[in-house]
Amino acid sequence: MKTLLMAAMMLFQFAWAGTAFAICSLPQPTGNVILTVEGQIRKCNSGLETRFDMAMLEALPKTQVKTQNPWEQGVVTYEGVLFRDLLHYLEANGTVLSITALNDFRASLDVADTRTIDIVLAYKRNGEYMPVREKGPLFVVFPFTDNPALSVEYRFAQSVWQVARITVK
Ligand SMILES: Nc1nc2c(c(=O)[nH]1)N[C@H]1C(S)=C(S)[C@@H](COP(=O)(O)O)O[C@H]1N2
Ligand SMILES: [Mo]
């Protein structure tokens, strides 16, 4: 009886470990970690989080957005990953994103907005990586030029630069 119980427990542990491994199975970063996503995501690579280096972000579907914004003169071309593509990759299922910058500035963004608006987590500006002093390495970019209704204070405050962490709630 005791042996049977132990065998059952071992089997359970094995199955549990197997499940955890299967879910938390994204590739590991090999370069500097520039972004950590945590919270309501099914795909991960470290504990319950997903840590990205630049190469991992660039391996996701790429999008370009040409837009003006309050911080630039003229039209700038940004390249990055659409928030909805990032959330799809991570099998996220929350409703709100809490986006935190290197300086701990934080903004909330509704997941619903990422479906209706082409919001990009940009890693390049006019073809170049963005240093921290130029709003890099990651900048939340709205298509202000294509959609003038976005040019409101509310959206400017969601235009987080120096993004370091996203919590899916
Ligand atoms: N990293 C970071 N991003 C940020 C902020 C910040 O303090 N840090 N402020 C936000 C707010 S509240 C607004 S209105 C705009 C402000 O841009 P400005 O400081 O150039 O006016 O950027 C947003 N993005
Ligand atoms: Mo603001």
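The text that follows walks through the structure, step by step, so that each part is easy to find. (Residues numbered from 1 in each chain as written. Chains lettered and ligands numbered in written order. Predicted model: local features only at pLDDT ≥ 70, side-chain atom pairs only at ≥ 80, totals over all residues. Heavy atoms only, no water.)

Focus on the sheet that holds strand β6 (residues 106–110)
Where strands meet in a sheet, backbone hydrogen bonds hold them as pairs that are either parallel or antiparallel.
And step 1. Across the sheet, five strands lie side by side as β2-β1-β10-β5-β6; this open sheet has mixed pairing. Pairing within the sheet leaves two strands with one partner each, and these edge strands are β2 (50–52) and β6. Each strand axis lies, on average, 20 degrees off the axis of its neighbour in the sheet, ignoring direction.
And step 2. Examined bridge by bridge, strand β5 (residues 96–101) and β6 share five bridges and lie antiparallel to one another. Directly across from leucine 97, in β6, lies its bridge partner leucine 109. (Pairing = 2+ DSSP bridges. Helix = DSSP H or I, 4+ residues; strand = E, 2+ residues; numbered from the N terminus. Axes fitted to C-alpha atoms, helices over the stretch in contact; angles between N-to-C directions.)

Quick notes on the pairing of strand β1 (residues 35–39)
Residues in a regular strand point their side chains to alternate faces of the sheet.
And step 1. Examined bridge by bridge, β1 and β2 share three bridges and lie antiparallel to one another. For leucine 35, the partnering residue across the bridge sits in β2 and is phenylalanine 52.
And step 2. By the bridge criterion, four bridges tie β1 to strand β10 (residues 163–168) in an arrangement that is parallel. Of the residues in β10, the one forming a bridge with threonine 36 is arginine 165.

What to know about the pairing of strand β3 (residues 63–67)
And step 1. Residues Thr63, Val65 and Thr67 line the buried face of β3, whereas the alternating positions Gln64 and Lys66 sit on a face that is not buried.
And step 2. One ladder, built from five bridges, connects β3 with strand β4 (residues 76–82); its direction is antiparallel. Each bridged residue has a counterpart across the sheet, and for glutamine 64 the counterpart in β4 is glutamate 79. (Buried < 20%, exposed > 50% of the residue type's maximum accessible area, 1.4 Å probe, protein only.)

Notes on the state of the cysteines
And step 1. Scanning all chains against the criterion turns up one disulfide.
And step 2. Through a disulfide, cysteine 24 is tied to cysteine 44; the S-S separation comes to 2.4 Å. Pair noted here: cysteine 24 is in the loop between α1 (2–23) and β1 and cysteine 44 is in the loop between β1 and β2, with a separation of 20 residues, a long-range link.
And step 3. Judged by its relative accessible area of 22%, cysteine 24 is partly exposed.
And step 4. Cysteine 44 sits in the buried class, given a relative accessible area of 4%. (Disulfide = S-S within 2.5 Å.)

As for the site of ligand 1
And step 1. Close to ligand 1 lie Trp71, Ala101, Asn103, Phe105, Glu153, Phe156, Ala157, Ser159, Val160 and Trp161, which account for all nearby residues.
And step 2. In this structure, serine 159 approaches ligand 1 through a main-chain N or O atom, which is 3.0 Å from a nitrogen atom.
And step 3. For ligand 1, a nitrogen atom lies 2.8 Å from a polar atom in the backbone of tryptophan 161.
And step 4. Per element, the largest residue contribution to the shell around ligand 1 is three residues, and it comes from helix α5 (residues 153–158).
And step 5. Class assignment of the residues belonging to the shell around ligand 1 gives a composition of seven nonpolar, two polar and one charged. (Near = heavy atom within 4 Å. Polar contact = N/O pair within 3.5 Å; in protein donor to acceptor, adjacent residues only side chain to side chain. Nonpolar A, V, L, I, M, F, W, Y, C, P; charged D, E, K, R; others polar.)

As for the pattern of salt bridges
And step 1. Under the criterion given, the structure shown has eight salt bridges.
And step 2. Between glutamate 91 and arginine 42 there is a salt bridge, with its nearest N and O atoms 3.1 Å apart. Within this pair, whereas glutamate 91 is found in the loop between α3 (83–89) and β5, its partner arginine 42 is found in the loop between β1 and β2, the two being separated by 49 residues in sequence.
And step 3. For glutamate 91, a relative accessible area of 31% puts it in the partly exposed group.
And step 4. By relative accessible area, arginine 42 is classed as partly exposed at 43%.
And step 5. For glutamate 49, the salt bridge is made with arginine 165, and the minimal N-O distance between the two is 3.2 Å. Taken together, the residues span a long stretch of sequence, with glutamate 49 in the loop between β1 and β2 and arginine 165 in strand β10 at a distance of 116 residues.
And step 6. For arginine 165, a relative accessible area of 29% translates into the label partly exposed. (Salt bridge = Lys/Arg side-chain N within 4 Å of Asp/Glu carboxyl O.)

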